[in-house]
Amino acid sequence: MSGPLIVLVGPMGVGKSTVGELLAGRLGTTYRDTDADVVATAGKAISEIFFDEGEEHFRALERQAVRDAIDEHTGVLALGGGAVLDADTRTLLAGHRVVYLSMDVDEAVRRVGLNTARPLLAVNPRRQWRELMDARRPLYEEVAAVTVATDERTPEEVAQAIIDATELPERTDQTVTSGRENPGMTEQGTTRIQIAGSAGTDAYEVLVGRQLLGELPNLIGDRAKRVAVLHPEALAETGEAVREDLAAQGYEAIAIQLPNAEEAKTVEVAAYCWKALGQTGFTRTDVIVGVGGGATTDVAGFVAASWLRGVRWIAVPTTVLAMVDAAVGGKTGINTAEGKNLVGAFHPPAGVLCDLAALDSLPVHDYVSGLAEIIKAGFIADPVILDLIEADPEAARTPAGPHTAELIERSIRVKAEVVSSDLKESGLREILNYGHTLGHAIEKNERYKWRHGAAVSVGMVFAAELGRLAGRLDDATADRHRAVLESVGLPLTYRGDQWPKLLENMKVDKKSRGDLLRFIVLDGIGKPAVLEGPDPAVLLAAYGEVSA
(Lines give C-alpha, C1' and ligand atoms only; values in the text may rest on other atoms or scores of the structure.)
Protein backbone atom coordinates (compact mmCIF):
# COMPACT_ATOMS: atom_id res chain seq x y z
CA MET A 1 0.00 0.00 0.00
CA SER A 2 1.33 3.42 -0.91
CA GLY A 3 1.21 6.25 1.56
CA PRO A 4 3.27 7.32 4.57
CA LEU A 5 6.21 5.22 5.70
CA ILE A 6 5.18 5.74 9.33
CA VAL A 7 2.20 7.50 10.92
CA LEU A 8 2.64 8.78 14.48
CA VAL A 9 -0.40 9.15 16.74
CA GLY A 10 -0.68 10.08 20.38
CA PRO A 11 -1.79 12.80 22.79
CA MET A 12 -0.76 16.44 22.69
CA GLY A 13 2.68 17.11 24.12
CA VAL A 14 3.92 13.56 23.64
CA GLY A 15 6.60 14.75 21.19
CA LYS A 16 5.27 13.53 17.85
CA SER A 17 6.79 16.49 15.99
CA THR A 18 10.25 16.23 17.53
CA VAL A 19 10.37 12.45 17.17
CA GLY A 20 8.97 12.68 13.64
CA GLU A 21 11.75 15.02 12.55
CA LEU A 22 14.37 12.71 14.06
CA LEU A 23 12.82 9.66 12.41
CA ALA A 24 12.73 11.35 9.02
CA GLY A 25 16.41 12.14 9.30
CA ARG A 26 17.31 8.62 10.46
CA LEU A 27 15.25 6.97 7.72
CA GLY A 28 16.34 9.32 4.94
CA THR A 29 12.83 10.52 4.19
CA THR A 30 10.62 13.57 4.68
CA TYR A 31 8.39 14.77 7.51
CA ARG A 32 4.86 16.19 7.57
CA ASP A 33 2.54 17.32 10.36
CA THR A 34 -1.22 17.62 9.81
CA ASP A 35 -1.53 20.27 12.53
CA ALA A 36 0.89 22.44 10.53
CA ASP A 37 -1.19 21.78 7.41
CA VAL A 38 -4.35 22.93 9.18
CA VAL A 39 -2.64 26.12 10.37
CA ALA A 40 -1.39 26.83 6.85
CA THR A 41 -4.85 26.27 5.38
CA ALA A 42 -6.71 28.33 7.97
CA GLY A 43 -4.11 31.08 8.17
CA LYS A 44 -4.24 31.17 11.96
CA ALA A 45 -3.28 29.23 15.04
CA ILE A 46 -5.20 26.14 16.14
CA SER A 47 -6.20 27.82 19.40
CA GLU A 48 -7.73 30.66 17.35
CA ILE A 49 -9.66 28.20 15.17
CA PHE A 50 -11.17 26.67 18.31
CA PHE A 51 -12.05 30.10 19.68
CA ASP A 52 -13.40 31.62 16.45
CA GLU A 53 -15.12 28.69 14.71
CA GLY A 54 -15.32 25.93 17.31
CA GLU A 55 -14.03 22.39 17.56
CA GLU A 56 -16.35 21.00 14.87
CA HIS A 57 -14.87 23.32 12.25
CA PHE A 58 -11.35 22.42 13.34
CA ARG A 59 -12.11 18.70 13.11
CA ALA A 60 -13.40 19.17 9.55
CA LEU A 61 -10.15 20.90 8.57
CA GLU A 62 -8.17 18.20 10.35
CA ARG A 63 -10.10 15.40 8.61
CA GLN A 64 -9.27 16.85 5.20
CA ALA A 65 -5.64 17.45 6.14
CA VAL A 66 -5.24 13.81 7.20
CA ARG A 67 -6.90 12.56 4.01
CA ASP A 68 -4.63 14.72 1.83
CA ALA A 69 -1.49 13.72 3.74
CA ILE A 70 -2.20 10.00 3.54
CA ASP A 71 -2.81 10.32 -0.20
CA GLU A 72 0.24 12.50 -0.92
CA HIS A 73 2.93 11.86 1.67
CA THR A 74 5.44 9.02 1.57
CA GLY A 75 7.59 9.85 4.60
CA VAL A 76 6.96 10.24 8.33
CA LEU A 77 3.54 11.69 9.15
CA ALA A 78 2.36 13.02 12.53
CA LEU A 79 -1.34 13.43 13.29
CA GLY A 80 -2.94 15.81 15.78
CA GLY A 81 -3.89 14.38 19.16
CA GLY A 82 -7.60 14.12 18.39
CA ALA A 83 -7.44 13.02 14.75
CA VAL A 84 -8.28 9.41 15.66
CA LEU A 85 -11.69 10.50 16.98
CA ASP A 86 -12.93 10.53 13.38
CA ALA A 87 -14.16 7.13 12.20
CA ASP A 88 -13.25 7.85 8.57
CA THR A 89 -9.71 8.72 9.62
CA ARG A 90 -9.40 5.46 11.53
CA THR A 91 -10.55 3.61 8.42
CA LEU A 92 -7.98 5.46 6.30
CA LEU A 93 -5.22 4.38 8.68
CA ALA A 94 -6.03 0.69 8.26
CA GLY A 95 -3.12 -1.14 6.71
CA HIS A 96 -0.62 1.65 7.36
CA ARG A 97 2.34 1.43 9.73
CA VAL A 98 0.89 3.39 12.66
CA VAL A 99 2.88 3.95 15.87
CA TYR A 100 1.15 5.10 19.06
CA LEU A 101 3.38 7.25 21.29
CA SER A 102 2.07 6.96 24.83
CA MET A 103 2.76 8.81 28.08
CA ASP A 104 1.19 8.86 31.52
CA VAL A 105 -0.25 11.91 33.27
CA ASP A 106 2.89 12.52 35.34
CA GLU A 107 4.96 12.71 32.17
CA ALA A 108 2.36 15.05 30.66
CA VAL A 109 2.70 17.37 33.64
CA ARG A 110 6.48 17.41 33.27
CA ARG A 111 6.42 18.09 29.53
CA VAL A 112 3.57 20.48 28.84
CA GLY A 113 2.44 21.64 32.25
CA LEU A 114 -1.21 20.88 32.87
CA ASN A 115 -1.61 24.22 34.59
CA THR A 116 -1.48 25.96 31.20
CA ALA A 117 -4.30 26.47 28.73
CA ARG A 118 -4.83 24.33 25.66
CA PRO A 119 -7.99 24.32 23.54
CA LEU A 120 -9.36 21.17 25.16
CA LEU A 121 -7.80 21.59 28.60
CA ALA A 122 -9.24 24.91 29.72
CA VAL A 123 -10.64 23.92 33.13
CA ASN A 124 -9.21 21.44 35.64
CA PRO A 125 -6.70 20.19 33.08
CA ARG A 126 -5.44 17.23 35.10
CA ARG A 127 -8.89 15.70 35.31
CA GLN A 128 -9.68 16.55 31.69
CA TRP A 129 -6.37 15.04 30.57
CA ARG A 130 -7.36 11.74 32.19
CA GLU A 131 -10.84 11.93 30.69
CA LEU A 132 -9.44 12.66 27.25
CA MET A 133 -7.03 9.74 27.51
CA ASP A 134 -9.72 7.41 28.78
CA ALA A 135 -11.69 8.23 25.63
CA ARG A 136 -8.80 8.24 23.18
CA ARG A 137 -6.49 5.50 24.39
CA PRO A 138 -8.64 2.67 22.94
CA LEU A 139 -8.72 4.52 19.61
CA TYR A 140 -4.95 4.99 19.54
CA GLU A 141 -4.52 1.30 20.31
CA GLU A 142 -7.10 0.37 17.67
CA VAL A 143 -5.26 2.06 14.80
CA ALA A 144 -1.70 1.34 15.95
CA ALA A 145 0.41 -1.65 15.03
CA VAL A 146 3.06 -0.62 17.56
CA THR A 147 2.93 1.21 20.90
CA VAL A 148 6.06 3.00 22.14
CA ALA A 149 6.09 4.45 25.66
CA THR A 150 7.83 7.84 25.84
CA ASP A 151 7.96 8.18 29.64
CA GLU A 152 11.44 9.18 30.85
CA ARG A 153 12.85 8.75 27.35
CA THR A 154 14.61 11.36 25.22
CA PRO A 155 13.28 11.97 21.68
CA GLU A 156 16.36 10.15 20.33
CA GLU A 157 15.58 7.12 22.48
CA VAL A 158 11.96 7.13 21.33
CA ALA A 159 13.02 7.34 17.68
CA GLN A 160 15.39 4.40 18.20
CA ALA A 161 12.61 2.38 19.87
CA ILE A 162 10.37 2.98 16.84
CA ILE A 163 13.08 1.91 14.43
CA ASP A 164 13.74 -1.22 16.51
CA ALA A 165 10.03 -2.07 16.71
CA THR A 166 9.27 -1.50 13.00
CA GLU A 167 12.61 -2.91 11.74
CA LEU A 168 12.81 -0.17 9.12
CA PRO A 169 16.25 0.32 7.53
CA GLU A 170 18.12 3.50 8.40
CA ARG A 171 19.68 5.57 5.63
CA THR A 172 23.30 4.76 4.84
CA ASP A 173 24.27 8.05 3.14
CA GLN A 174 24.09 11.70 4.15
CA THR A 175 22.70 13.08 0.90
CA VAL A 176 19.03 13.12 1.85
CA THR A 177 17.83 15.94 4.04
CA SER A 178 14.76 15.81 6.18
CA GLY A 179 11.81 17.99 5.39
CA ARG A 180 8.28 17.96 4.13
CA GLU A 181 7.81 17.72 0.39
CA ASN A 182 7.48 21.02 -1.36
CA PRO A 183 7.45 20.68 -5.15
CA GLY A 184 7.55 24.47 -5.44
CA MET A 185 11.02 24.77 -3.96
CA THR A 186 13.50 26.31 -6.37
CA GLU A 187 16.46 24.57 -4.78
CA GLN A 188 16.90 21.22 -3.08
CA GLY A 189 18.41 20.65 0.36
CA THR A 190 15.92 22.45 2.57
CA THR A 191 15.77 21.15 6.12
CA ARG A 192 12.60 21.57 8.18
CA ILE A 193 12.98 21.58 11.94
CA GLN A 194 9.80 21.26 13.96
CA ILE A 195 9.30 23.31 17.11
CA ALA A 196 6.67 21.58 19.21
CA GLY A 197 3.81 23.62 20.61
CA SER A 198 3.61 24.07 24.36
CA ALA A 199 1.69 26.07 26.95
CA GLY A 200 -1.20 26.74 24.59
CA THR A 201 0.96 27.63 21.57
CA ASP A 202 1.04 25.88 18.22
CA ALA A 203 3.86 23.98 16.56
CA TYR A 204 5.80 25.70 13.80
CA GLU A 205 8.68 24.97 11.47
CA VAL A 206 12.14 26.46 11.03
CA LEU A 207 13.29 26.07 7.43
CA VAL A 208 17.01 26.12 6.66
CA GLY A 209 18.15 26.30 3.05
CA ARG A 210 18.38 28.68 0.13
CA GLN A 211 15.81 30.60 -1.92
CA LEU A 212 13.14 30.23 0.73
CA LEU A 213 11.11 33.43 0.28
CA GLY A 214 8.68 31.53 -1.92
CA GLU A 215 7.50 29.88 1.30
CA LEU A 216 6.20 33.18 2.73
CA PRO A 217 2.71 33.10 1.15
CA ASN A 218 2.17 29.55 2.47
CA LEU A 219 3.01 30.68 5.99
CA ILE A 220 0.95 33.87 5.76
CA GLY A 221 -2.11 31.98 4.54
CA ASP A 222 -5.30 33.05 2.78
CA ARG A 223 -7.07 34.71 5.70
CA ALA A 224 -4.57 37.55 5.99
CA LYS A 225 -5.37 40.66 3.99
CA ARG A 226 -2.52 42.88 5.19
CA VAL A 227 1.16 42.14 5.80
CA ALA A 228 3.64 44.48 7.48
CA VAL A 229 7.30 43.87 6.63
CA LEU A 230 9.57 45.18 9.41
CA HIS A 231 13.19 45.63 8.37
CA PRO A 232 16.27 47.60 9.50
CA GLU A 233 17.54 50.60 7.58
CA ALA A 234 20.53 48.56 6.41
CA LEU A 235 18.18 46.14 4.61
CA ALA A 236 15.91 48.74 3.01
CA GLU A 237 16.24 47.22 -0.46
CA THR A 238 15.58 43.70 0.84
CA GLY A 239 12.56 44.83 2.85
CA GLU A 240 11.10 46.65 -0.13
CA ALA A 241 11.70 43.63 -2.38
CA VAL A 242 9.82 41.40 0.06
CA ARG A 243 7.00 43.96 0.27
CA GLU A 244 6.73 44.16 -3.52
CA ASP A 245 6.68 40.39 -3.84
CA LEU A 246 3.89 40.07 -1.28
CA ALA A 247 1.94 42.88 -2.96
CA ALA A 248 2.23 40.96 -6.22
CA GLN A 249 0.71 37.97 -4.40
CA GLY A 250 -2.38 40.05 -3.63
CA TYR A 251 -1.66 41.19 -0.06
CA GLU A 252 -1.90 44.80 1.11
CA ALA A 253 1.77 44.94 2.04
CA ILE A 254 3.54 47.79 3.80
CA ALA A 255 7.19 48.14 4.79
CA ILE A 256 8.16 49.62 8.18
CA GLN A 257 11.79 50.67 8.46
CA LEU A 258 13.50 50.27 11.84
CA PRO A 259 16.82 51.63 13.10
CA ASN A 260 19.78 49.29 12.79
CA ALA A 261 20.75 46.76 15.48
CA GLU A 262 19.94 47.41 19.16
CA GLU A 263 18.80 50.98 18.45
CA ALA A 264 15.58 49.41 17.17
CA LYS A 265 14.77 47.82 20.52
CA THR A 266 13.09 50.78 22.22
CA VAL A 267 9.54 51.54 23.24
CA GLU A 268 9.60 54.54 20.91
CA VAL A 269 10.29 52.29 17.91
CA ALA A 270 7.59 49.86 19.03
CA ALA A 271 5.14 52.76 19.34
CA TYR A 272 6.05 53.90 15.83
CA CYS A 273 5.19 50.41 14.55
CA TRP A 274 1.89 50.37 16.47
CA LYS A 275 0.97 53.70 14.88
CA ALA A 276 1.73 52.35 11.40
CA LEU A 277 -0.39 49.24 12.05
CA GLY A 278 -3.25 51.36 13.37
CA GLN A 279 -3.20 53.67 10.38
CA THR A 280 -3.19 50.66 8.05
CA GLY A 281 -6.17 49.02 9.78
CA PHE A 282 -4.25 45.94 10.87
CA THR A 283 -6.58 43.23 12.24
CA ARG A 284 -6.06 39.99 14.15
CA THR A 285 -5.97 37.93 10.96
CA ASP A 286 -3.16 40.01 9.44
CA VAL A 287 0.52 39.09 9.66
CA ILE A 288 3.83 40.75 10.55
CA VAL A 289 7.07 39.65 8.85
CA GLY A 290 10.41 40.51 10.48
CA VAL A 291 13.33 40.59 8.03
CA GLY A 292 16.74 41.22 9.59
CA GLY A 293 19.02 40.37 12.48
CA GLY A 294 18.20 39.45 16.05
CA ALA A 295 17.18 42.96 17.06
CA THR A 296 14.70 43.16 14.17
CA THR A 297 13.10 39.80 14.93
CA ASP A 298 12.92 40.71 18.64
CA VAL A 299 11.03 43.92 17.80
CA ALA A 300 8.85 42.30 15.14
CA GLY A 301 7.82 39.56 17.56
CA PHE A 302 7.17 42.03 20.37
CA VAL A 303 5.04 44.27 18.15
CA ALA A 304 3.12 41.19 16.98
CA ALA A 305 2.62 40.02 20.58
CA SER A 306 1.37 43.39 21.77
CA TRP A 307 -0.82 44.49 18.83
CA LEU A 308 -4.44 43.47 19.47
CA ARG A 309 -3.06 41.17 22.21
CA GLY A 310 -1.32 39.02 19.64
CA VAL A 311 -1.19 38.63 15.86
CA ARG A 312 0.71 36.07 13.82
CA TRP A 313 4.26 36.83 12.73
CA ILE A 314 6.96 35.22 10.63
CA ALA A 315 10.70 35.58 11.15
CA VAL A 316 13.09 35.90 8.22
CA PRO A 317 16.47 36.11 10.03
CA THR A 318 19.42 37.36 7.99
CA THR A 319 22.30 36.85 10.45
CA VAL A 320 23.79 33.79 12.11
CA LEU A 321 22.77 35.11 15.52
CA ALA A 322 19.16 35.59 14.49
CA MET A 323 18.95 32.20 12.77
CA VAL A 324 20.24 30.12 15.66
CA ASP A 325 18.92 32.18 18.56
CA ALA A 326 16.72 35.27 18.30
CA ALA A 327 14.23 34.04 15.69
CA VAL A 328 13.63 30.64 17.33
CA GLY A 329 11.69 30.06 20.51
CA GLY A 330 9.25 32.96 20.74
CA LYS A 331 11.15 35.22 23.16
CA THR A 332 10.50 38.77 22.01
CA GLY A 333 11.42 42.03 23.65
CA ILE A 334 12.84 45.52 23.80
CA ASN A 335 15.48 47.13 25.99
CA THR A 336 15.13 49.79 28.66
CA ALA A 337 17.68 52.03 30.37
CA GLU A 338 17.74 49.48 33.20
CA GLY A 339 18.67 46.46 31.10
CA LYS A 340 18.32 44.30 28.02
CA ASN A 341 15.06 42.55 27.08
CA LEU A 342 13.39 43.50 30.37
CA VAL A 343 10.14 44.29 28.52
CA GLY A 344 8.83 41.53 26.28
CA ALA A 345 6.56 38.57 25.75
CA PHE A 346 6.69 34.90 24.83
CA HIS A 347 5.06 34.88 21.40
CA PRO A 348 6.28 32.13 19.03
CA PRO A 349 6.29 32.85 15.29
CA ALA A 350 4.15 31.02 12.77
CA GLY A 351 7.33 30.01 10.97
CA VAL A 352 11.00 30.88 10.50
CA LEU A 353 12.80 31.07 7.14
CA CYS A 354 16.59 30.79 7.51
CA ASP A 355 17.81 31.56 3.99
CA LEU A 356 21.54 30.83 4.03
CA ALA A 357 22.06 33.07 1.00
CA ALA A 358 21.55 36.06 3.33
CA LEU A 359 24.81 35.15 5.07
CA ASP A 360 26.92 35.42 1.93
CA SER A 361 27.12 39.22 2.21
CA LEU A 362 27.27 39.41 6.02
CA PRO A 363 30.32 41.33 7.35
CA VAL A 364 32.87 38.95 8.85
CA HIS A 365 32.62 40.46 12.35
CA ASP A 366 28.84 39.99 12.37
CA TYR A 367 29.21 36.43 11.10
CA VAL A 368 31.81 35.56 13.74
CA SER A 369 29.68 37.17 16.46
CA GLY A 370 26.92 34.68 15.66
CA LEU A 371 29.34 31.80 16.11
CA ALA A 372 29.27 32.48 19.86
CA GLU A 373 25.69 31.18 20.06
CA ILE A 374 26.62 28.14 17.96
CA ILE A 375 29.56 27.39 20.24
CA LYS A 376 27.28 27.82 23.25
CA ALA A 377 24.97 25.14 21.81
CA GLY A 378 27.99 22.88 21.48
CA PHE A 379 28.98 23.24 25.11
CA ILE A 380 25.50 22.87 26.60
CA ALA A 381 24.19 20.05 24.41
CA ASP A 382 25.93 19.04 21.15
CA PRO A 383 29.71 18.52 21.27
CA VAL A 384 29.76 17.62 17.56
CA ILE A 385 29.48 21.37 16.97
CA LEU A 386 32.75 21.89 18.83
CA ASP A 387 34.43 19.08 16.89
CA LEU A 388 33.41 20.61 13.55
CA ILE A 389 34.74 24.05 14.49
CA GLU A 390 37.98 22.70 15.97
CA ALA A 391 38.63 20.68 12.81
CA ASP A 392 38.83 23.87 10.71
CA PRO A 393 38.33 27.16 12.60
CA GLU A 394 39.06 29.30 9.53
CA ALA A 395 36.34 27.56 7.55
CA ALA A 396 33.93 28.05 10.45
CA ARG A 397 34.52 31.83 10.20
CA THR A 398 32.93 32.08 6.76
CA PRO A 399 29.53 31.16 5.28
CA ALA A 400 31.43 29.47 2.45
CA GLY A 401 32.74 26.87 4.90
CA PRO A 402 31.77 23.22 4.30
CA HIS A 403 29.88 22.88 7.60
CA THR A 404 27.89 26.14 7.67
CA ALA A 405 24.48 24.55 7.14
CA GLU A 406 25.20 21.71 9.59
CA LEU A 407 26.42 24.08 12.30
CA ILE A 408 23.31 26.23 11.99
CA GLU A 409 20.95 23.25 11.83
CA ARG A 410 22.54 21.58 14.86
CA SER A 411 22.30 24.80 16.87
CA ILE A 412 18.65 25.26 15.92
CA ARG A 413 17.87 21.67 16.90
CA VAL A 414 19.43 22.25 20.33
CA LYS A 415 17.22 25.25 20.88
CA ALA A 416 14.20 23.50 19.35
CA GLU A 417 14.42 20.64 21.82
CA VAL A 418 14.73 23.01 24.76
CA VAL A 419 11.96 25.45 23.86
CA SER A 420 9.62 22.63 22.84
CA SER A 421 9.86 21.42 26.44
CA ASP A 422 9.95 24.81 28.18
CA LEU A 423 8.51 27.79 26.33
CA LYS A 424 8.47 30.27 29.20
CA GLU A 425 11.81 29.67 30.88
CA SER A 426 10.32 27.96 33.92
CA GLY A 427 13.15 25.47 34.07
CA LEU A 428 15.09 23.79 31.26
CA ARG A 429 15.15 26.85 28.99
CA GLU A 430 17.45 28.65 31.39
CA ILE A 431 20.34 26.59 30.03
CA LEU A 432 20.19 28.66 26.83
CA ASN A 433 21.46 31.59 28.91
CA TYR A 434 24.89 30.02 29.33
CA GLY A 435 27.35 32.93 29.19
CA HIS A 436 24.54 35.49 28.98
CA THR A 437 24.43 36.76 32.58
CA LEU A 438 27.79 38.51 32.32
CA GLY A 439 27.33 38.95 28.56
CA HIS A 440 24.19 41.06 28.98
CA ALA A 441 25.89 43.07 31.73
CA ILE A 442 28.76 43.87 29.36
CA GLU A 443 26.34 44.87 26.61
CA LYS A 444 24.54 47.27 28.93
CA ASN A 445 27.84 48.67 30.20
CA GLU A 446 28.89 49.33 26.62
CA ARG A 447 25.48 50.89 25.84
CA TYR A 448 24.90 48.05 23.37
CA LYS A 449 27.82 49.05 21.16
CA TRP A 450 29.45 45.65 21.66
CA ARG A 451 28.17 42.83 19.46
CA HIS A 452 26.03 40.34 21.36
CA GLY A 453 28.22 37.38 20.41
CA ALA A 454 31.39 39.12 21.56
CA ALA A 455 29.85 39.81 24.97
CA VAL A 456 28.51 36.25 25.27
CA SER A 457 31.95 34.90 24.36
CA VAL A 458 33.49 36.67 27.37
CA GLY A 459 30.47 35.54 29.40
CA MET A 460 31.08 31.89 28.53
CA VAL A 461 34.74 32.07 29.52
CA PHE A 462 33.62 33.66 32.80
CA ALA A 463 30.99 30.94 33.34
CA ALA A 464 33.58 28.24 32.64
CA GLU A 465 35.98 29.76 35.17
CA LEU A 466 33.12 30.10 37.67
CA GLY A 467 32.29 26.44 37.19
CA ARG A 468 35.92 25.48 37.61
CA LEU A 469 36.38 27.54 40.79
CA ALA A 470 33.12 26.14 42.21
CA GLY A 471 34.46 22.62 41.71
CA ARG A 472 31.89 21.81 39.04
CA LEU A 473 33.94 21.81 35.82
CA ASP A 474 37.20 20.07 34.93
CA ASP A 475 40.23 22.05 33.80
CA ALA A 476 40.31 20.60 30.28
CA THR A 477 36.75 21.66 29.47
CA ALA A 478 37.24 25.11 30.97
CA ASP A 479 40.38 25.57 28.89
CA ARG A 480 38.57 24.29 25.80
CA HIS A 481 36.25 27.33 26.00
CA ARG A 482 39.19 29.66 25.50
CA ALA A 483 40.68 27.58 22.71
CA VAL A 484 37.49 27.25 20.63
CA LEU A 485 36.34 30.85 21.05
CA GLU A 486 39.78 32.29 20.34
CA SER A 487 40.25 30.08 17.28
CA VAL A 488 37.37 31.83 15.47
CA GLY A 489 38.37 35.31 16.61
CA LEU A 490 35.99 35.92 19.51
CA PRO A 491 37.18 37.93 22.54
CA LEU A 492 38.07 36.30 25.85
CA THR A 493 38.53 39.33 28.13
CA TYR A 494 36.91 42.58 29.29
CA ARG A 495 38.07 45.60 31.28
CA GLY A 496 39.03 44.62 34.82
CA ASP A 497 38.04 47.95 36.38
CA GLN A 498 34.38 47.48 35.39
CA TRP A 499 33.54 44.67 37.82
CA PRO A 500 31.48 46.79 40.28
CA LYS A 501 29.28 48.09 37.44
CA LEU A 502 28.92 44.63 35.92
CA LEU A 503 27.91 43.16 39.28
CA GLU A 504 25.16 45.77 39.64
CA ASN A 505 23.98 45.08 36.11
CA MET A 506 23.80 41.35 36.78
CA LYS A 507 21.57 41.90 39.81
CA VAL A 508 18.74 43.06 37.52
CA ASP A 509 19.25 40.15 35.11
CA LYS A 510 16.03 38.24 34.29
CA LYS A 511 17.48 35.03 35.77
CA SER A 512 18.01 36.58 39.22
CA ARG A 513 15.56 35.74 41.99
CA GLY A 514 15.31 38.65 44.42
CA ASP A 515 18.88 39.50 45.37
CA LEU A 516 20.06 35.98 44.58
CA LEU A 517 22.34 35.82 41.54
CA ARG A 518 21.90 32.73 39.35
CA PHE A 519 24.37 31.49 36.76
CA ILE A 520 24.26 28.65 34.28
CA VAL A 521 27.44 26.60 34.64
CA LEU A 522 28.58 23.25 33.30
CA ASP A 523 29.18 20.02 35.18
CA GLY A 524 30.75 18.79 31.94
CA ILE A 525 30.12 19.14 28.20
CA GLY A 526 26.42 18.75 27.60
CA LYS A 527 25.67 18.96 31.34
CA PRO A 528 24.43 22.48 32.13
CA ALA A 529 23.22 23.28 35.65
CA VAL A 530 22.24 26.26 37.81
CA LEU A 531 24.63 27.80 40.32
CA GLU A 532 22.72 29.98 42.81
CA GLY A 533 24.21 32.63 45.05
CA PRO A 534 27.91 31.90 44.55
CA ASP A 535 30.35 33.33 47.07
CA PRO A 536 31.25 36.93 46.08
CA ALA A 537 34.93 36.04 46.41
CA VAL A 538 34.49 33.22 43.88
CA LEU A 539 32.69 35.59 41.50
CA LEU A 540 35.50 38.10 41.77
CA ALA A 541 38.13 35.43 41.24
CA ALA A 542 36.32 34.15 38.14
CA TYR A 543 36.14 37.68 36.77
CA GLY A 544 39.84 38.05 37.41
CA GLU A 545 40.37 35.27 34.87
CA VAL A 546 38.68 37.31 32.11
CA SER A 547 40.00 40.74 33.12
CA ALA A 548 42.15 42.57 30.60
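Residues numbered from 1 in each chain as written. Predicted model: local features only at pLDDT ≥ 70, side-chain atom pairs only at ≥ 80, totals over all residues. Heavy atoms only, no water.

A.B. asks: Break down the packing of aromatic side chains for me, with residues and values.
C.D. replies: Using the criterion set out here, one finds seven aromatic pairs in the structure. A centroid spacing of 6.1 Å and a plane angle of 45 degrees characterise the contact between F462 and W499, whose relative ring orientation is tilted. In this pair, F462 sits in helix α19 (residues 452–469) while W499 sits in helix α21 (residues 499–507), placing the two residues 37 residues apart along the sequence. By relative accessible area, W499 is classed as buried at 10%. Relative to Y543, the ring of W499 has its centre 4.8 Å away and its plane inclined at 25 degrees; by these criteria the two rings are stacked. Residue W499 is found in helix α21, and its partner Y543 is found in helix α22 (residues 536–544); the two are separated by 44 residues along the sequence. (Phe/Tyr/Trp six-rings, centres within 6.5 Å; stacked < 30°, edge-to-face > 60°. Helix = DSSP H or I, 4+ residues; strand = E, 2+ residues; numbered from the N terminus. Buried < 20%, exposed > 50% of the residue type's maximum accessible area, 1.4 Å probe, protein only.)

A.B. asks: Pulling in residues and values, what's your account of the side chain of D382?
C.D. replies: For D382, the position within the fold is in the loop between α14 (364–380) and α15 (383–391). A polar atom in the side chain of D382 sits 2.9 Å from the side chain of R410. In contact with D382, not counting residues within four places along its chain, are A377, R410 and V414. (Polar contact = N/O pair within 3.5 Å; in protein donor to acceptor, adjacent residues only side chain to side chain. Contact = heavy atoms within 4.5 Å.)

A.B. asks: Quick rundown of the environment of V98? Include the residues and the values.
C.D. replies: Mapped onto the elements, V98 comes out in strand β4 (residues 98–102). You can call V98 buried: its relative accessible area is 0%. Separated by 91 residues in the primary sequence, V98 and V7 have C-alpha atoms spaced 4.7 Å apart. Apart from the residues within four sequence positions on either side, V98 is in contact with V7, V9, L93, V143, A144, A145 and V146.

A.B. asks: Tell me about unusual backbone geometry, residues and numbers included.
C.D. replies: A positive phi angle, close to 55 degrees, is found at A261, a residue other than glycine. In the Ramachandran plot, Y448 falls in the positive-phi region, its phi being about 65 degrees despite a non-glycine side chain. Its location among the elements puts Y448 in the loop between α18 (436–445) and α19.

A.B. asks: Got a sec to walk through the pattern of salt bridges? Specific residues and values, please.
C.D. replies: As enumerated under the stated definition, the model contains 34 salt bridges in all. Ionic pairing is found between K265 and E262, a salt bridge with its closest N-O pair at 4.0 Å. Taken individually, K265 and E262 each receive the classification buried, so the pair is uniform in this respect. Taking the shortest distance from any N to any O, the salt bridge between D366 and R451 comes out at 2.7 Å. With D366 in helix α14 and R451 in the loop between α18 and α19, the pair connects residues that are 85 residues apart, well separated along the chain. When salt bridges that share partners are traced, they join E465, R468, D475, D479 and R482 into one network. (Salt bridge = Lys/Arg side-chain N within 4 Å of Asp/Glu carboxyl O.)

A.B. asks: Give a detailed account of the sheet that holds strand β9 (residues 252–258), specifying residues and quantitative values.
C.D. replies: Strand order in the open sheet made by the seven strands is β6-β7-β14-β11-β10-β8-β9, with mixed pairing throughout. Edge positions in the open sheet fall to β6 (191–195) and β9, since each of these has one partner strand only. Averaged over all pairs of adjacent strands, the angle between strand axes in this sheet comes to 15 degrees, irrespective of strand direction. Sheet topology note: the strand β8 (residues 226–232)/strand β10 (residues 287–292) ladder contains four bridges and is parallel. Within β10, the position partnered with A228 by the bridge is I288. Of the strands in this sheet, β8, β9, β10 and β11 (312–317) are in contact with helix α12 (residues 294–306), which crosses β10 at around 170 degrees. (Pairing = 2+ DSSP bridges. Axes fitted to C-alpha atoms, helices over the stretch in contact; angles between N-to-C directions.)

A.B. asks: Quick rundown of the confidence of the model for the protein chain? Include the residues and the values.
C.D. replies: Per-residue confidence for the protein chain averages 86 on the pLDDT scale, and 88% of its residues sit at or above 70. Under a pLDDT of 50 for its full length, residues 109–125 has, in the predicted model, 44 contacts with residues more than four places off or in other chains. Confidence drops under a pLDDT of 50 for residues 172–188, and excluding neighbours within four residues, the segment shows 44 contacts in the predicted structure. (pLDDT = per-residue confidence, 0-100.)

A.B. asks: Tell me about the sheet that holds strand β5 (residues 146–149), residues and numbers included.
C.D. replies: On the basis of which strands lie adjacent, the open sheet formed by five strands has the order β2-β3-β1-β4-β5 and parallel pairing. Strands with a single pairing partner mark the edges of an open sheet, and in this sheet they are β2 (31–33) and β5. In this sheet, adjacent strand axes meet at a mean angle of 25 degrees when their direction is disregarded. Where β4 lies against β5, four bridges are found, and the strand directions are parallel. If you follow S102 over to β5, its bridge partner there is A149. The sheet contacts of helix α1 (residues 16–27) involve β1 (6–9), β2, β3 (76–78) and β4, and relative to β1 the element is tilted by about 165 degrees.

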